[in-house]
Amino acid sequence: MSSRVTGSKGKAPGGVTVRRAVARDAKRLTRLVRGSRAYEGPYAPMVAGYRVGPDYIETHEVFVAVGPDGRVLGFYALVLAPPELDLMFVADDAQGRGVGRLLMADLKSRARAAGLGRVRIVSHPPAEGFYLSAGAERVGTVTANPPAVMWDRPELELPTD
């Protein structure tokens, strides 16, 4: 199943589709994570050695937004039990063009179809505003857990209705 952008106040790029990720997407997704400007500076160590492997893609609910040229513009990974957004990244040059909103709409639709009423999101601090604008609600804070995560993170829940 793939979804297509039908327009979001003129901001969504035409011809972008969302499809299930496949093992051959692994290197592209890893590059997207490691190259994200959202993880520069003090956040850089978090993604420096991060890898999205074919095994992760095959065992998780991973979906990619693909442009009409076949380029991967972003992706998300949804954990069904307990319901949580594990990863979400949009290419730096695709941000502000509706790709993130398309991914969030797809996430909500798939979560709802799986019978989930809410999806937990532990947000990267700079991304909190995006999730709030997409309908998530702040429910708390996840405290730092050094050395894996050196900063507190917003905890949100996304209703799927």
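Residues numbered from 1 in each chain as written. Predicted model: local features only at pLDDT ≥ 70, side-chain atom pairs only at ≥ 80, totals over all residues. Heavy atoms only, no water.

(A) Layout of the overall build of the protein. A count of helical and extended segments in the protein gives 5 helices and 8 strands. Along its sequence from the N terminus, the protein presents helices and strands in the succession β-β-α-α-α-β-β-β-α-β-α-β-β. In terms of principal-axis extent, the alpha carbons of the protein reach across some 40 × 35 × 30 Å. Considering the protein as a whole, with its 161 residues, one finds that 47% of them fall into the buried category. Long-range contacts, defined here as pairs at least 24 residues apart, represent 59% of the contacts in the protein between residues at least 6 apart. Carbon and sulfur atoms make up 52% of the accessible area of the protein, which totals about 8300 Å². Averaged over its 22 positive side-chain charges, the protein has a centre that lies 6 Å from the centre of its 17 negative ones. (Helix = DSSP H or I, 4+ residues; strand = E, 2+ residues; numbered from the N terminus. Buried < 20%, exposed > 50% of the residue type's maximum accessible area, 1.4 Å probe, protein only. Contact = heavy atoms within 4.5 Å. Areas by Shrake-Rupley, 256 points an atom, 1.4 Å probe, with all protein chains shown as cover. Lys, Arg positive; Asp, Glu negative; His and termini not counted. Charge placed at Lys NZ, Arg CZ, Asp CG, Glu CD.)

(B) Quick peek at the confidence of the model for the protein. The predicted model of the protein has a mean per-residue pLDDT of 91, with 92% of residues at 70 or higher. pLDDT under 50 marks residues 1-11. Its contacts with residues more than four places away, or in other chains, come to 22 contacts. (pLDDT = per-residue confidence, 0-100.)

(C) Spotlight on the packing of aromatic side chains. Inspection of the entire model under this criterion finds 6 aromatic pairs. Residues Tyr39 and Tyr43 carry aromatic rings whose centres are separated by 6.4 Å and whose planes lie at 75° to one another, so their mutual orientation is edge-to-face. In terms of burial, Tyr39 and Tyr43 fall into one category: buried. Consider the rings of Tyr43 and Trp151, whose centres lie 4.6 Å apart with planes at 85°: the pair is edge-to-face. Here the residue Tyr43 occupies a position in the loop between α1 (26-34) and α2 (44-47), and Trp151 occupies one in the loop between β7 (137-142) and β8 (153-159), the gap between them amounting to 108 residues. Within the aromatic cluster, the residues linked to one another by ring pairs are Tyr39, Tyr43, Phe75, Phe89 and Trp151. (Phe/Tyr/Trp six-rings, centres within 6.5 Å; stacked < 30°, edge-to-face > 60°.)

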